[in-house]
Amino acid sequence: MSQAKPAREKKNTKTTLIHILMVALSTLSAFGIGAAFGNIAKRNADLMHLLNEQVLLFVIVTIISVVVAFLLQTLIHELGHLIFGLLSGWKFVSFRVGSMILSKDADGKFSVGRFYLVGTSGQCLMEPPNYEQGDYSQAFYNLGGIILNLLTATLFLGLIFTPNLHPYAVIFFMFLALFGIVDTITNGIPVKSKMIANDGYNALSLTNDPEAKRAFWIQLKGNAYISHGSRIGNLPARWFKLPSDEELQNYMVASLAPLAVAYQLDRKNYDEAIAMIDHLLEVPNAMAGVHRNMLINDRIYLALVIEENRVKAKSLMTHELDKFRKSMKKFISVARTQYAIELLLRHDLDEAEEALEYFKHVASRHPNQGEIEGEIELVKLAKAKGDVESD
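Described in the following lines is the structure provided in the data block. Everything quoted here is computed from the prediction, not taken from an experiment.

Another aspect to go through is the overall build of the chain. Counting its regular elements, the chain contains 16 helices and four strands. The principal-axis extents of the C-alpha atoms in the chain amount to approximately 80 × 55 × 50 Å. For the chain, the proportion of its 391 residues judged to be buried stands at 48%. The long-range fraction of contacts in the chain, counting pairs at least 24 apart against all pairs at least 6 apart in sequence, stands at 68%. Summing over all exposed atoms, the chain offers an accessible surface of approximately 19,600 Å²; the carbon and sulfur share of this is 59%. A gap of 4 Å separates the mean positions of the 39 positive and 40 negative side-chain charges of the chain.

Dropping the structure here:
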């Protein structure tokens, strides 16, 4: 047995235990707040009347409070990143809750678009300060969401004890406090799941690790340039050197690997991109699941358009990848590959035309203009290949 498998099993066990701890602490928090709610109800006649005499209304108020409180604490979490990032010298790039994203372009103009990353309910992306003498301020940006969740949860927990508070407000503040505590726990206890890492893990992984800190800086600096209209292929080549196999075991450094592939794609170095992806997919424990699946998505496109190898493309289209691609169908590169699949693999011109229209729809809402231009070129390349095959 290779050494990689026991190490992977040990890491999976640790991750499972951390998730169990998160669930346990969140459950205890819910019981604690529930007990406080019960004590308040005994002293609040209006709340007791709502519980005993107006059950349907209580259920409706509870459901509305749960939904609004969850969304509000998500907003608060991302505002924490924004506020503490600005205080640390970072610059605003984009702010997302759910799939709605507010972006700022190079001219300072704001626009609203649609973008979703699986495994996240929101995201605040900012441009980091200059990387000077191997360092820059990042801790408050990473931990800002956790800090604001905890502060507001404490505030709302205190508010529910306000004398003669309206029963609707008691219920609403109770869930705001609960979701604030749960967000603090799930984002604050460092953990990296199969798909993505949380804020606590990111902050911890950057501590005393210059290479991880540099990789994090490159990701966010590059995203800022691309959001402002630059093409990734026009950014410094030294940023996108493929990490070594040893460096790929570092989660944050491994995040540069998909960017290295994207750089080669944008430079039209397709053979180099193919070689990179094939190598990366063979390295055990390299990259988070979302990055790995996005690379497979790109590899399918390259197999169909560049290599004209339908057998290779089919071999990569597993059930697990299909589920991932469905969850990421609004991601512009996934929409691009879907067009290539319908056109060059399934030869279904009607579905290909529908996929092309969907790609245009996704592109019209995508926040990164530089990325849109590159993806349009890849779609045109697939279309040209389809036109040749139809002749």
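Since one α-helical turn is 3.6 residues long, residues separated by three or four positions face the same way. Between its terminal C-alpha atoms helix α15 (residues 349–365) stretches 25 Å, which fits the 24 Å expected from 17 residues at 1.5 Å a residue. Those residues of α15 not exposed but buried are Ala352, Ala355, Leu356, Phe359, Val362 and Ala363. Each buried residue of α15 lies within a common arc of 125 degrees when the element is viewed along its axis, so the set occupies one face. Set apart from the buried face of α15 by more than 90 degrees, the exposed residues are Asp350, Glu354 and Ser364. Of the residues that open α15, the one with a side-chain oxygen 3.3 Å from the backbone nitrogen of aspartate 350 is aspartate 348.

So, about the packing of aromatic side chains. Tallied over the full model, the rule gives 16 aromatic pairs. Ring centres of tyrosine 131 and tyrosine 136 lie 5.5 Å apart, and the angle between their planes is 50 degrees; this geometry places the pair in the tilted category. By relative accessible area, which is 27% here, tyrosine 131 ends up partly exposed. Its relative accessible area of 7% is what places tyrosine 136 among the buried residues. Ring centres 6.2 Å apart and planes at 70 degrees place the aromatic pair tryptophan 239 and phenylalanine 240 in the edge-to-face group. You'll find tryptophan 239 and phenylalanine 240 in the same group, each marked buried.

So, on to the sheet that holds strand β2 (residues 100–104). Two pairing modes exist for strands in a sheet, parallel and antiparallel, and in both the strands are linked by backbone hydrogen bonds. In spatial order, the strands read β3-β2-β1-β4; together these four strands make up an open sheet with antiparallel pairing. Of all strands in the sheet, those with a lone pairing partner are β3 (110–114) and β4 (122–127), marking the two edges. Taken over all neighbouring pairs, the strand axes of this sheet differ in orientation by 20 degrees on average, direction set aside. Bridge count between β2 and β3: five bridges; the pairing is antiparallel.

Our next topic: the side chain of serine 29. Within the secondary structure, serine 29 is located in helix α1 (residues 4–43). Only 2.8 Å separates the side chain of serine 29 from the backbone oxygen of leucine 25, close enough to count as a polar contact. With residues up to four places along the chain from it excluded, the contact list for serine 29 reads Leu178, Ile181 and Ile185.

This brings us to the packing of helix α9 (residues 256–266) against helix α10 (residues 270–282). Closest axis-to-axis distance for the α9/α10 pair is 8 Å, and the angle between their directions is 160 degrees. Classed by the angle they form, the pair α9 and α10 counts as roughly antiparallel. Where α9 crosses over α10, the handedness of that crossing is left-handed. Residue-level contacts link Ala257, Ala260, Val261, Gln264 and Leu265 of α9 to Tyr270, Glu272, Ala273, Met276, Ile277 and Leu280 of α10. Classifying every residue of the contact of α9 with α10 gives nine nonpolar, one polar and one charged.

Here is what the cut-offs are and how they apply
- Residues numbered from 1 in each chain as written.
- Predicted model: local features only at pLDDT ≥ 70, side-chain atom pairs only at ≥ 80, totals over all residues.
- Heavy atoms only, no water.
- Helix = DSSP H or I, 4+ residues; strand = E, 2+ residues; numbered from the N terminus.
- Buried < 20%, exposed > 50% of the residue type's maximum accessible area, 1.4 Å probe, protein only.
- Contact = heavy atoms within 4.5 Å.
- Areas by Shrake-Rupley, 256 points an atom, 1.4 Å probe, with all protein chains shown as cover.
- Lys, Arg positive; Asp, Glu negative; His and termini not counted.
- Charge placed at Lys NZ, Arg CZ, Asp CG, Glu CD.
- Expected span 1.5 Å × (residues − 1).
- Arc of directions from axis to C-beta.
- Polar contact = N/O pair within 3.5 Å; in protein donor to acceptor, adjacent residues only side chain to side chain.
- Phe/Tyr/Trp six-rings, centres within 6.5 Å; stacked < 30°, edge-to-face > 60°.
- Pairing = 2+ DSSP bridges.
- Axes fitted to C-alpha atoms, helices over the stretch in contact; angles between N-to-C directions.
- Parallel < 35°, antiparallel > 145°, perpendicular 65-115°, else oblique.
- Left-handed = near helix turned anticlockwise from the far one by under 90°.
- Nonpolar A, V, L, I, M, F, W, Y, C, P; charged D, E, K, R; others polar.

The values are spatial; any link to function lies outside them.
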